[in-house]
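Each chain, letter by letter, is given below.
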There are 2 protein chains.
Amino acid sequence: MRISELAAASDVPVATIKFYLRTGLLHDGRQTAPRQADYDDGHLARLRLIRALLGAGGLSVAAAGEVLRQLDDPPESGHDLLGAAHHALDAGAQPKQEQQQADHPRADALLEAWGWQIDPEDHNARRGLERALQGLEDGGFEPPAGFLDMYAAAMRELATREVEQVPINPPDAMRYVVLGTVLVEPLLLALRRLAQQDASRRMFSGPGAPAAQSGGA
Amino acid sequence: MRISELAAASDVPVATIKFYLRTGLLHDGRQTAPRQADYDDGHLARLRLIRALLGAGGLSVAAAGEVLRQLDDPPESGHDLLGAAHHALDAGAQPKQEQQQADHPRADALLEAWGWQIDPEDHNARRGLERALQGLEDGGFEPPAGFLDMYAAAMRELATREVEQVPINPPDAMRYVVLGTVLVEPLLLALRRLAQQDASRRMFSGPGAPAAQSGGA
């Protein structure tokens, strides 16, 4: 199909598609004339993926580019996939000067207390936790006693079940890990806010109020 | 203290402080001379909060402004707080044209299946879930069977314990809800990625490998 047809099929404007082509997020079409190229369903699927990463996933163009490069050329070993996927996501998420900084004392203390085995060279993942803890302190918000452990236990339970489902074949695994990380994150946050609203309604309504009929998840 | 001292104490450049003053994120100091003002510990605490919202919290300046306005002037009733807090956060997070759009069929179906009681007028919260579901579809990522229910149950459990801890006094409650939402979100995401790494290491290491000694969370 022509670029105008690709635009119509994907609901992405031609100018935006041209931008993705220029930045390499989208691969070139098959040249059919000096100023004309032919695009196929592979381009359409890729466009949807780009839109998902930039839209719901909330990635920058740079981070999306890194994620797509990793998807196109995944590492061979199972465990490395996760590191590569997270690295691709971190590339756009953390301030440049903080990347690979080895200074994350609170994160280290918690990870040791929980007995989590994290690659000692992977400072980015630890910095993410350190930044979040620093944010709580800067905002003057101290989670109630036991809440850090509760959050950690909840995420550990989810992660264990998620990792069990990772496909064995490296390209599929990479896709699963990257998309499962970046696209499930907004899902979890949306669910948490809705669940808070539901919990609040249950708590603030009396037993006779309509909300009392709310069932379990 | 003078603005230069406030900058030194907060580690925020003078030009940035002036920007926060101009945009109203930070309240004016007490005028002591035509071009000089005096700042106190209240300004310092506010600056830390602004930095937390913009930094770890990942909010835009507009969204942070809305959050701070709600913190300064919280609604009276307990349940409304949560709606006001989420509304303030949504203000910067969702594309303008999508706000208050009533089109969220998949979110509605899931919420009904789970029996969650969500304000029928609150389209923003439902749109957040709809967008996340749309992102999964656009990215060509289908969570394994039962995973949506598992994510929902996990978030419901967290949210129930979180809402139980909301203070009774409205200004404290607003602060708790807003900061507990925006600052705990990056914490949860950082913990999930670390937990995935830990789970992956446990899964891909044989029983004799060092990772096998990893304990529970």
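Residues numbered from 1 in each chain as written. Chains lettered and ligands numbered in written order. Predicted model: local features only at pLDDT ≥ 70, side-chain atom pairs only at ≥ 80, totals over all residues. Heavy atoms only, no water.

**Brief notes about the pattern of salt bridges**
Logical step 1: A complete count under the given rule lists 20 salt bridges over all chains for this structure.
Logical step 2: Its salt-bridge partner being Asp198(A), residue Arg156(B) comes within 3.1 Å of it at the nearest N-O pair. Of this pair, Arg156(B) sits in helix α8 (residues 147-164) while Asp198(A) sits in helix α10 (residues 184-204), placing the two residues on different chains. Of the two residues, Arg156(B) and Asp198(A), neither departs from the other in class, the shared state being buried. (Salt bridge = Lys/Arg side-chain N within 4 Å of Asp/Glu carboxyl O. Helix = DSSP H or I, 4+ residues; strand = E, 2+ residues; numbered from the N terminus. Buried < 20%, exposed > 50% of the residue type's maximum accessible area, 1.4 Å probe, protein only.)

**Thoughts on the packing of aromatic side chains**
Logical step 1: Counted according to the given criterion, the structure contains eight aromatic pairs over all chains.
Logical step 2: Ring geometry for Tyr176(A) against Phe141(B): centres 5.3 Å apart, planes inclined by 55°, an arrangement best described as tilted. With Tyr176(A) in helix α9 (residues 170-182) and Phe141(B) in the loop between α7 (123-138) and α8, the pair connects residues from two separate chains.
Logical step 3: Here Tyr176(A) falls in the buried class, since its relative accessible area comes to 13%.
Logical step 4: Considering the side-chain rings of Phe147(B) and Tyr151(B), the 5.9 Å spacing of their centres and the 85° angle between planes classify their relative orientation as edge-to-face. Remark: Tyr151(B) and Phe147(B) occur in helix α8; sequence separation between them is four residues, near one turn of the helix. The same class applies to Phe147(B) and to Tyr151(B), which are both buried. (Phe/Tyr/Trp six-rings, centres within 6.5 Å; stacked < 30°, edge-to-face > 60°.)

**Topic: empty space enclosed by the protein**
Logical step 1: All chains considered together, the criterion is met by four cavities of 30 Å³ or more.
Logical step 2: Considered as a void within the structure, the largest cavity measures approximately 120 Å³ in volume.
Logical step 3: Lining the largest cavity we find 15 residues, and of these Arg192(A), Gln196(A), Glu162(B), Tyr176(B) and Gly180(B) sit closest to its centre.
Logical step 4: Listed by contribution, the elements that provide at least two residues to the lining of the largest cavity are α8 (147-164) and α10 of chain A together with α8 and α9 (170-182) of chain B.
Logical step 5: If one sorts the elements of the lining of the largest cavity by residue count, α9(B) sits on top with four residues.
Logical step 6: The space that makes up the second largest cavity amounts to roughly 90 Å³. (1 Å grid on protein atoms, 1.4 Å probe; cavity = no way out; pocket = protein on both sides within 12 Å on 5 of 7 lines; lining within 4 Å. Points joined across faces, edges and corners; volume = space filled by probe spheres on them.)

**Things to note about the packing of α10(A) against α7(B)**
Logical step 1: Packing of α10(A) against α7(B) leaves a shortest axis separation of 9 Å and a crossing angle of 155°. When the axis of α10(A) is compared with that of α7(B), the two are roughly antiparallel. Seen from above, α10(A) lies across α7(B) with left-handed handedness. Residues Val184(A), Pro186(A), Leu187(A), Ala190(A), Leu191(A), Leu194(A) and Gln197(A) of α10(A) touch α7(B), and the partners they reach there are Ala125(B), Arg126(B), Gly128(B), Leu129(B), Ala132(B), Leu133(B) and Leu136(B).
Logical step 2: In the contact of α10(A) with α7(B), the residues fall into 11 nonpolar, two polar and one charged. (Axes fitted to C-alpha atoms, helices over the stretch in contact; angles between N-to-C directions. Parallel < 35°, antiparallel > 145°, perpendicular 65-115°, else oblique. Left-handed = near helix turned anticlockwise from the far one by under 90°. Contact = heavy atoms within 4.5 Å. Nonpolar A, V, L, I, M, F, W, Y, C, P; charged D, E, K, R; others polar.)

**Considerations on the confidence of the model for chain A**
Logical step 1: This prediction gives chain A a mean pLDDT of 83; 87% of its residues lie at or above 70.
Logical step 2: For this predicted complex, the interface confidence reaches an ipTM of 0.80, while the overall pTM sits at 0.80. (pLDDT = per-residue confidence, 0-100.)

**Some words on helix α1 (residues 3-10) of chain B**
Residues and elements named next belong to chain B.
Logical step 1: Of the residues making up α1, those classed as buried are Ile-3, Leu-6, Ala-7 and Ser-10. Taken down its axis, α1 places every buried residue within 100° of arc, on the same side.
Logical step 2: Buried residues along α1 sit against α2 (14-23) and α3 (41-54).
Logical step 3: Looking at the residues trailing α1, positive phi occurs at Asp-11, about 65°. (Arc of directions from axis to C-beta.)

**Focus: the environment of Leu53(A)**
Residues and elements named next belong to chain A.
Logical step 1: Along the polypeptide, Leu-53 turns up in helix α3 (residues 41-54).
Logical step 2: For the pair Leu-53 and Met-203, spaced 150 residues apart in sequence, the C-alpha to C-alpha distance is 36 Å.
Logical step 3: Ignoring anything within four residues of it in the chain, the contact list for Leu-53 reads Gly-58, Leu-59, Ala-64, Val-67, Leu-68, Leu-179 and Val-182.

**Quick look at the packing of helix α6 (residues 105-114) of chain B against α7(B)**
Residues and elements named next belong to chain B.
Logical step 1: Taken N-terminus to C-terminus, the directions of α6 and α7 make an angle of 110°; their axes are 8 Å apart at the nearest point. As the angle between them shows, α6 and α7 are arranged roughly perpendicular. Taken together, the residues of α7 that come into contact with α6 (itself represented by Pro-105, Arg-106, Ala-107, Asp-108, Leu-110 and Leu-111) are Arg-126, Leu-129, Glu-130, Leu-133, Gln-134 and Glu-137.
Logical step 2: Here the residues of the contact of α6 with α7 sort into six nonpolar, one polar and five charged.

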